[in-house]
Number of protein chains: 2
Amino acid sequence: MSSAYSALLERLREVHSLEKASELLEWDQQVCMPRGGGAARMDQYGALKGAAHERFAGDEVGRLIDAAAREVPAEGDSNEIALVRWARREWGRKRKLPADLVAELARQTSLAQEVWVEARTRKDFSVFLPSLEKMVALKRRQAEALGPRADLYDAWLEEFEPGFPTTETARVLGDMKTGLVPLVKAVAAKAGSVSDAPLRGRFDLAKQRALSEEIARAMGFDFERGRLDVAAHPFSMSCSPDDVRLTTRYAEDQVLGSFFGTMHETGHGLYEQNVGDSLKGTPLCGGATMAMHESQSRLWENIVGRSLGFWKHWLPRFQEHFPQAAGIGLSDFVRAVNRAQSSCIRVEADELTYSLHILLRFELERDLLAGRVQAADLPRSWNTRMEESLGIVPPDDAQGVLQDVHWAAGLFGYFPTYALGNAISVQLWESALSASPGIPGDIEQGRMAPLLGWLRENVHRHGKKLTAPELVLRATGRPIEAEPYLRYLRAKYSELYKL
Amino acid sequence: MSSAYSALLERLREVHSLEKASELLEWDQQVCMPRGGGAARMDQYGALKGAAHERFAGDEVGRLIDAAAREVPAEGDSNEIALVRWARREWGRKRKLPADLVAELARQTSLAQEVWVEARTRKDFSVFLPSLEKMVALKRRQAEALGPRADLYDAWLEEFEPGFPTTETARVLGDMKTGLVPLVKAVAAKAGSVSDAPLRGRFDLAKQRALSEEIARAMGFDFERGRLDVAAHPFSMSCSPDDVRLTTRYAEDQVLGSFFGTMHETGHGLYEQNVGDSLKGTPLCGGATMAMHESQSRLWENIVGRSLGFWKHWLPRFQEHFPQAAGIGLSDFVRAVNRAQSSCIRVEADELTYSLHILLRFELERDLLAGRVQAADLPRSWNTRMEESLGIVPPDDAQGVLQDVHWAAGLFGYFPTYALGNAISVQLWESALSASPGIPGDIEQGRMAPLLGWLRENVHRHGKKLTAPELVLRATGRPIEAEPYLRYLRAKYSELYKL
């Protein structure tokens, strides 16, 4: 390999190592760090991110990118082309942001989260409003600094979902809303016909833990190259494909919370563990985008994990761990795990209503950025839209506009990726079944390797070489679209609720 | 505070944060990392150490040190003076080492350890010899590069024990040998009079763990600012005084191994947790030197933990955890935990014979560096000296010259600090008792806070502001010396073995 490209690759590997080290610091903070360690950890994290920035954002890397670009072909599928493209995009973003804005955003991100915690605790939006207004102003400055775009919101979105602009996102999410609102209403009209009573009660924590490890292993998660721990707010991360860290949480009265939570995080973890060997150690080593990552967690958690076929094999295992569930029939159990009901809190929402929570946030973010809604109006707009789409109004702002940390953390443009992930999950599932019609039968018998094999081949191994629409087009022959997802939900909930 | 000093402090804090982050990566590797994670971790660790080096070793820091030195007084006890002195010494060391030598040492350190593992497994020194010869040559180059000194060995020693040169170390260790050899012989002559039979058997692991946590807490370790985990090779480290990580290991047939191992590591941990607040986040935040650190672990493990008074309180607790020990009397128990016998392996040696293992290594290192012994002669020299000092000959090199990783890891000059720590531990203990004669009575009743208080005031709070001889002189009014340690051992073992 030529010299400028080699030098660029070496530098990018070094920066990637520093970024991964900083992620380990975050993992440790969530999983291991004693309470007193926070102040020093903030310094360590800051120093590490600063060092990574310094090694990446300088003029020298810009020159290396230009020189490397002259050495590799302009078009093609090679790692080299993808890496130079990745470097140019990321370096360009970093260079466009003035240092004072970056520093001010970092400061405000830290401050606003503290204020948000207080506002949520006091259920008082007015406490948070000044911080939110400042954050929106800074994020608008950031979007403007990143340069002219068809839609200013593109600048926010592309941080998490490069390659899929606002117009496309609005198309998919708009179709989703059109299909979902009447379906949610139809299910709500028959709310009484499905009960989760079979799953109430107390479930031993050690057994929940054993079952979680069992399902992760059965899905194909390699515990020689990863681990599963407890965290208050479950997440997953990877130090490398050979060191992937999942977390979950256990509560005696929420046995499904840990089970599906583990399936969800394992979906993310499998993606990371199965990135292609040739990408290891480079910035292309990891899930392509947030939506692609979420498509994997949702596919395993919802499409597989909440299906009748899956529980044909797993209900007996569940009942071995929890003898109190011995009397539950398969059909009642599956209806119970799929019970749908509009609720206020996104992270507790069921599969059917979840995306409507996302749509509301996406619309509000776009309106905020465009100036159609002011920060001060958010509680009213939030509640109005909740009533329109989900038919309920939060009893207070803690259960409404104050429920998510994202805006306090400056994470505008992040929410829509959750809903895109839902759409993609069904597109991939349908294509996997077209290619390997035996997959549902395998799952009924506890064999999940064939599904994992298809995902590895069509999604995982590519890492960040392709964007979400590119991956979906190659895997399914279609653009990202809402219709398969809606079709899947209509069929599933018509059956469950006898619509 | 003035401007050059502030700039220097800011830079040193950043470098310190990067160094502490790299230590967390090591902790994670020993305690959490799944087996597959090693390759990526090596890259991450290397990138982090490289970033720390880059931020510290440049010309700019040299100019900051010179400018800051003009702003602070030349003499005095202030943090500012100590920090500039520390920076000048460390920066000077880094600058004197050519980059190619540093890289070659890093490479050889990694390679030689792999070879050493193989040689030890095969019990074949000849496998290790070429690597060891290369390492000695590189370490000699390193010592020479660091500049002329009274004794070339000073260059090795000062990496771990700045402020205490070879002549002084040789004086203390020489006195120690003179006193220890006849004492060990006298004890060996009465070997049969003390038995460890009361402590044989199997001890529940969960209860060992509970007791370890109990003793660490009782010693004053703050679990809100630290934790205790399991590691194959126990160690301790700190991310900050508010985040100190201890490790120990549990084996059913070695109940004292975990108990005293925990006391030992907690001794290190208390030192780290009690560094003065004003030093937090700076490179002065941590134990002064290796010998000072070891003085703390040995003081708690041996002087406190293996004393009759300590077990007056703790034997009943021990027997509550382990009912099978109910019949053991206090005197038999204390004799059992202090049983002394010459053995081949340093890390398993008892309190009496331990320092003789160190002396042998110190003498061999000096002879190697001076060319009086060649690497090829080491097995023979090792065994001859073992027989002279401890009266035994290792059955093979795995239990002799190949037992320690230190030389494979380039850690020449490290061993003597263990013996110096032993000497200092008794000097500090005697001074603590002079100042607070109630300490032994407190310990008999389970109160260890008064001892901790004295150590905090006289040792811990100073961090790295003072060297070992400075700390010992202030705390005890004496230079570092062997006589108190020998007096303590003579009295203790005369009593135990009725000499």
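Residues numbered from 1 in each chain as written. Chains lettered and ligands numbered in written order. Predicted model: local features only at pLDDT ≥ 70, side-chain atom pairs only at ≥ 80, totals over all residues.

Asks: I'd like to hear about the overall build of chain A, residue by residue, with values.
Replies: Across its full length, chain A holds 20 helices and three strands. The C-alpha radius of gyration of chain A comes to 23 Å, within 12% of the 23 Å expected for a compact globule of 499 residues. Seen through its C-alpha atoms, chain A measures out along the principal axes to roughly 65 × 50 × 50 Å. The 499 residues of chain A split such that 45% are buried. Pairs at least 24 residues apart make up 72% of the contacts formed inside chain A by residues separated by at least 6 positions. (Helix = DSSP H or I, 4+ residues; strand = E, 2+ residues; numbered from the N terminus. Rg over C-alpha atoms; globule rule 2.2 N^0.38 Å. Buried ≥ 20, exposed ≤ 12 C-beta atoms within 10 Å, placed from the backbone. Contact = placed C-beta atoms within 7 Å.)

Asks: Requested: an account of the relation of the copies chain A and chain B, with residues and values cited.
Replies: Least-squares fitting of chain A to chain B yields an RMSD of 0.0 Å, with the transformation described by 0.0 Å of translation along the axis and a rotation of 180°. Taken together, the rotation and translation relating the two chain copies correspond to the operation of a two-fold axis. For chain A, the smallest separation between a C-alpha atom and the rotation axis is recorded for Ala51(A), amounting to 3.2 Å. A shared interface surface links the copies, since 100% of the contact residues of chain A are contact residues in chain B too. (Least-squares fit on C-alpha atoms with pLDDT ≥ 70 in both.)

Asks: Provide a residue-level description of the confidence of the model for chain A, including the pertinent values.
Replies: Chain-level statistics for chain A give a pLDDT mean of 96 and a share of 100% at 70 or above. In the model output, the complex is listed with pTM 0.94 alongside ipTM 0.93. (pLDDT = per-residue confidence, 0-100.)

Asks: So what about the interface of chain A and chain B? Which residues, and what values?
Replies: How big an interface is tends to be reported as the loss of accessible area on association of its parts. At the interface, 33 residues of chain A touch 33 residues of chain B. If you list the elements that add at least two residues to the side of chain A that touches chain B, you get α1 (3–31), α2 (38–56), β1 (226–230) and β2 (236–240) of chain A. Looking at the side of chain A that touches chain B element by element, the count peaks at nine residues for α1(A). Considering only residue class, the side of chain A that touches chain B consists of 14 nonpolar, seven polar and 12 charged. (Nonpolar A, V, L, I, M, F, W, Y, C, P; charged D, E, K, R; others polar.)

Asks: Any chance you could break down the sheet that holds strand β3 (residues 243–248) of chain A for me, citing the residues and the numbers?
Replies: Where strands meet in a sheet, backbone hydrogen bonds hold them as pairs that are either parallel or antiparallel. Residues and elements named next belong to chain A. Spatially, three strands are ordered β1-β3-β2 in an open sheet, and the strand pairing comes out mixed. What marks the edges here is a single partner per strand, and that holds for β1 and β2. Within this sheet the neighbouring strands show an average axis-to-axis angle of 20°, counted without direction. The pairing of β2 with β3 spans four bridges and is classified as antiparallel. Along β3, the bridge assignment pairs Met237 with Arg245. Its contacts with the sheet put α1 on β1, β2 and β3, and the angle it makes with β2 is roughly 140°. (Pairing = 2+ DSSP bridges. Axes fitted to C-alpha atoms, helices over the stretch in contact; angles between N-to-C directions.)

Asks: With reference to specific residues and values, describe the domain arrangement of chain A.
Replies: All names here are of chain A. Domains assigned within chain A are domain 1 (1–96) and domain 2 (149–499). Taking only C-alpha atoms, the centre of domain 1 and the centre of domain 2 are 29 Å apart. Elements with a minimum of two residues in the side of domain 1 that touches domain 2: α1 and α4 (79–96). Residue contributions to the side of domain 1 that touches domain 2 peak at 10 residues, all from α1. Partitioned by chemical class, the residues of the side of domain 1 that touches domain 2 number eight nonpolar, three polar and four charged. (Domains from an automatic or database assignment.)

Asks: An account of unusual backbone geometry is requested, with residue identities and associated values reported.
Replies: Residues and elements named next belong to chain B. Its identity is not glycine, yet Lys123 carries a phi of approximately 55°, on the positive side. A positive phi angle is found at Lys498, which is not glycine, with a value near 50°. Summarising the element assignment, Lys498 is placed in the segment after α20 (483–497). Note on Lys498: 9 C-beta atoms within 10 Å, which makes it exposed.

Asks: Can you explain the sheet that holds strand β2 (residues 236–240) of chain B? Please cite residues and give values.
Replies: Residue and element names in this part refer to chain B. One open sheet holds the three strands; their spatial order is β1-β3-β2, and the pairing between them is mixed. Two strands lie at the open edges of the sheet, namely β1 (226–230) and β2, each paired on one side alone. Sheet twist, expressed as the average angle between the axes of neighbouring strands with direction ignored, equals 20°.

Asks: Kindly report on the environment of Val337(B), identifying the contributing residues and their values.
Replies: Residues and elements named next belong to chain B. Within the fold, Val337 resides in helix α13 (residues 330–337). Sequence-wise, Val337 and Asp350 are 13 residues apart; in three dimensions their C-alpha atoms are separated by 9.2 Å. Here Val337 is in contact with Leu256 and Arg306, once residues within four sequence places are set aside.

Asks: Would you mind going over the packing of helix α8 (residues 166–189) of chain A against helix α14 (residues 354–370) of chain A in detail, with residue names and values included?
Replies: Each pair of packed helices can be summarised by the angle the axes make with each other and by the distance between the axes. All names here are of chain A. Where α8 meets α14, the closest approach of the two axes is 10 Å, and the angle between their N-to-C directions is 130°. Here α8 is positioned oblique relative to α14, judged by the angle of their axes. Judged by the twist between their axes, the crossing of α8 over α14 is left-handed. Here α8 contributes Leu173, Met176, Lys177, Leu180 and Val184 to the contact with α14, which in turn contributes Ser355, Leu356, Leu359 and Phe362. The class makeup of the residues in the contact of α8 with α14 is seven nonpolar, one polar and one charged. (Parallel < 35°, antiparallel > 145°, perpendicular 65-115°, else oblique. Left-handed = near helix turned anticlockwise from the far one by under 90°.)

Asks: Give me the lowdown on the packing of α1(A) against helix α3 (residues 59–71) of chain A, citing residues and values where you can.
Replies: Residue and element names in this part refer to chain A. Where α1 contacts α3, the two axes come as close as 8 Å, and the packing angle between them is 135°. On the basis of their axis angle, the class for α1 and α3 is oblique. Where α1 crosses over α3, the two elements pack in a sense that is left-handed. Residue-level contacts link Ala4, Tyr5, Ala7, Leu8 and Arg11 of α1 to Val61, Leu64, Ile65, Ala67, Ala68 and Glu71 of α3. Residues of the contact of α1 with α3, tallied by class, amount to nine nonpolar, no polar and two charged.

Asks: How would you sum up the pairing of β2(B)? Please name residues and give values.
Replies: In terms of residue burial, β2(B) counts as a mostly covered element, since five of its five residues are buried. Once β2(B) ends, the chain turns through two residues before running back antiparallel as strand β3 (residues 243–248) of chain B.

Asks: An account of helix α20 (residues 483–497) of chain A is requested, with residue identities and associated values reported.
Replies: All names here are of chain A. The terminal C-alpha atoms of α20 lie 21 Å apart, and with 15 residues this matches the ideal 21 Å at 1.5 Å per residue to within 8%. At its buried positions, α20 is contacted by α8, α13 (330–337) and α16 (416–435). Of the residues trailing α20, Lys498 is marked for its positive phi of about 50°. (Expected span 1.5 Å × (residues − 1).)

Asks: Requested: an account of the environment of Ala186(A), with residues and values cited.
Replies: Note that Ala186(A) resides in helix α8. Classification of Ala186(A) as partly exposed rests on a count of 14 C-beta atoms within 10 Å.

Asks: Describe the environment of Arg317(A), listing the residues and the values that go with them.
Replies: All names here are of chain A. Along the chain, Arg317 falls in helix α12 (residues 308–321). Since 15 C-beta atoms lie within 10 Å of it, Arg317 is described here as partly exposed. Once the C-alpha coordinates of Arg317 and Leu211 are considered, the two residues, 106 residues apart in sequence, prove to be 8.4 Å apart.

Asks: Tell me what's going on with helix α14 (residues 354–370) of chain B, and back it up with residues and numbers.
Replies: Taking 1.5 Å per residue as the helical rise, α14(B) with its 17 residues ought to reach 24 Å, and the 25 Å between its terminal C-alpha atoms agrees with that figure. Just downstream of α14(B) lies Gly371(B), where phi reads positive at about 80°.

Asks: Kindly report on the pairing of β3(A), identifying the contributing residues and their values.
Replies: Residue and element names in this part refer to chain A. Counted residue by residue, β3 has six buried out of six residues, so it is predominantly covered. Judged by which residues are buried, β3 turns out to be covered on both faces: Asp243, Arg245 and Thr247 on one side and Val244, Leu246 and Thr248 on the other are all buried. Bridge analysis of β1 against β3 gives five bridges, and the strand direction is parallel. Opposite Asp229, over in β3, you have Thr247 as the bridge partner.

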